[in-house]
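# Fold and geometry: a report
Residues per chain, in single letters:
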Amino acid sequence: MPAESSTGTGLARNAVGLREVLFQSVTAMAPAAAVAASIPAGAAFAGGSLPLSVLVALVACLFTASCVAELAQHLPAAGSVATYSAQGLHPAVGFLVGWGYVFVEVLVPPLPLLQLGFTTAGTLHQRWASYPADLWWPWSLAGAVVIAVTGFFGVRASARFGTALGIFEVVVFVAFAVTLIVAAGSHNTLSVFGTSHTAQGYSGIGGVFAGSVYTVLAFAGFESAAPLAEEARDPQRTMRRAVFGAALSIGVVYVVTTYAMAVYFGPDRFSGFGASGDASWEGVARASFGLFWVVLFLAVVNSTIANANASSNVSTRTAFALGRIGFFPHAFTRLHPRHRSPVTGVAVQFAVAVAAMLGLGLRYGPVTAFALLATVIVTVIIGVYIVADLACAGYFLRRRRDLFSPMRHVLFPVLGIAAFVPALLTAAGIPAFSFVAELAPPVSYAGLVVGAWMAIGVVVLVVVTRRHPERLAQTGRVHLIDPDEDHEETGAVRG
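Residues numbered from 1 in each chain as written. Predicted model: local features only at pLDDT ≥ 70, side-chain atom pairs only at ≥ 80, totals over all residues. Heavy atoms only, no water.

Under an unreviewed UniProt entry, the protein has the name APC family permease and belongs to Streptomyces mauvecolor. Here the protein is described in UniProt, under the heading Subcellular location (unreviewed entry), as follows: "Membrane". (UniProt positions renumbered as here; feature names shortened; annotations may be inferred.)

Right under this line is the structure:
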């Protein structure tokens, strides 16, 4: 048994099982919000062929999900992608990945909480005009309090909370999709999995490709189970199943729901489908399915809270891991004596969430603030995925040649990188393709924000490496396994 388990200085061991860990990744992907608001962005290019775009994006994302799942199985650590990069590439790369990852993950909760605010306020204003459409912040603030309280009570409470929320949102949208398929009747057609319904000006495979690039972004978060490795039962088995299972299962949900709406709404009209108005999920539900739109609305609201909850788990565990090896203040390793929750991380996460929500939301408006944060987050996350693909190849080539597979550890990483590079360029607003638009201020400030944070990280890396070189080596340590007992398996560095 690892020393941390016996001394009571580590995270709560064996606290959650496969179901909770799976839904940690599922809710981090925010499936209801993605189906209702994110995926429809691809309809402007793919039109009624959007189901094919989603299918292509699913297959593409599974390559990277397979790589992360492989690493999560052999390197179960709260540091997750930082540990993988340190082991597969270099400890310095591992630190920079962790530095960037914890930065964006601490910004993820404000993102869905902003959506919670403006979605709720907008809906209430639409139903009751006396409710101010700009009174969004009380809802966002209430969501932040809920997430902080749940996180304080530990991983078991937050994971079970996320599981319940995740089941609700998935069931609602799948049930509505089945209803749409039945209602479509003779209009059901497999032609939406071809290229004949793409939007005007984006004919054929080009429209499908453009749609898939935007759809890929809806898969962000599938790796979020990995930071719970030190708190999961049988992590070597659980992590692999949770990471890959979340990407596959929610990808199937995306395909089914997009198909359902495309055939019901009409494939040749689908290029006008979007995230709001009559031509949206809520609009269709309002017009044709009575009060069912209320259930759909609640599922989206539910999805924002679940997403914030899952991302808070990720940010606090990653900060804990960086604090444990001395790259973050030691205060981040402080755990509640009973719940084993990283209380400093939970408090900092709450403070950052409130500051980002209110600061950016009141300055630019909640929708623009959402777009700015989303650009920062997605740009870094996709970069992390690309590095994780490289780390997978590096780890099995350098450290585990006995398990090396040319397909899983070379071909899959290459295909994963090929899938995410276009998505990275799109998220950053780099017009490498005709369908990518340059970002306008303040959303364009995202690049400066990311660049500044990573520059600070380089300075920290240089300073710490010169003064405490042993801390850099610790970036690749797998704390679940005693390096003196299983050094060969994990490649862990003695510390």
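### With respect to the UniProt feature "domain: Amino acid permease/ SLC12A" (unreviewed entry) in the protein
Per the UniProt record, the feature "domain: Amino acid permease/ SLC12A" (unreviewed entry) sits at residues 21–400. Counted over residues 21–400, helix gives 72% and strand 0%. Its end C-alpha atoms are 26 Å apart. (Helix = DSSP H or I, 4+ residues; strand = E, 2+ residues; numbered from the N terminus.)

### What about the packing of aromatic side chains?
A complete count under the given rule lists 26 aromatic pairs for this structure. Relative to Phe 270, the ring of Phe 265 has its centre 6.1 Å away and its plane inclined at 70°; by these criteria the two rings are edge-to-face. The buried category is assigned to Phe 270, whose relative accessible area is 2%. What links up through ring pairs into an aromatic cluster is the set Phe 95, Trp 99, Phe 103, Phe 327, Phe 328, Phe 332 and Trp 453. Over the aromatic face of Phe 265 sits the side chain of Arg 269, whose NZ or CZ is 4.2 Å from the ring centroid. (Phe/Tyr/Trp six-rings, centres within 6.5 Å; stacked < 30°, edge-to-face > 60°. Buried < 20%, exposed > 50% of the residue type's maximum accessible area, 1.4 Å probe, protein only. Lys NZ or Arg CZ within 6 Å of the ring centre and 35° of its normal.)

### As for a nonpolar patch on the surface
On the surface, a nonpolar cluster with roughly 400 Å² of combined accessible area is contributed by Val 145, Val 149, Phe 152, Phe 153 and Phe 350. Residue contributions to the nonpolar patch peak at three residues, all from helix α9 (residues 137–152). For Phe 153, the position within the fold is in the loop between α9 and α10 (155–184). With relative accessibility at 42%, the residue Phe 153 sits in the partly exposed group. (Patch = residues over 30% accessible without salt bridge, like charges linked within 9 Å, V, L, I, M, F, W, Y side chains within 5 Å. Areas by Shrake-Rupley, 256 points an atom, 1.4 Å probe, with all protein chains shown as cover. Salt bridge = Lys/Arg side-chain N within 4 Å of Asp/Glu carboxyl O.)

### Concerning the nonpolar core
In this structure, Phe 173, Phe 222, Tyr 254, Met 261, Phe 273, Trp 281 and Phe 420 are the most contacted members of the largest nonpolar core, which totals 126 residues. With 19 residues, the single largest contributor to this core is helix α16 (residues 366–398). For Phe 222, the residues in contact, after removing those within four places along its chain, are Ser 25, Met 29, Thr 64, Ala 65, Val 68, Val 243, Ala 247, Tyr 385 and Phe 420. If you look at the next biggest cluster of nonpolar residues, it comprises 14 residues, including Val 102, Leu 322, Phe 327 and Leu 472. (Core = buried A, V, L, I, M, F, W, Y, C linked by side-chain atoms within 4.5 Å. Contact = heavy atoms within 4.5 Å.)

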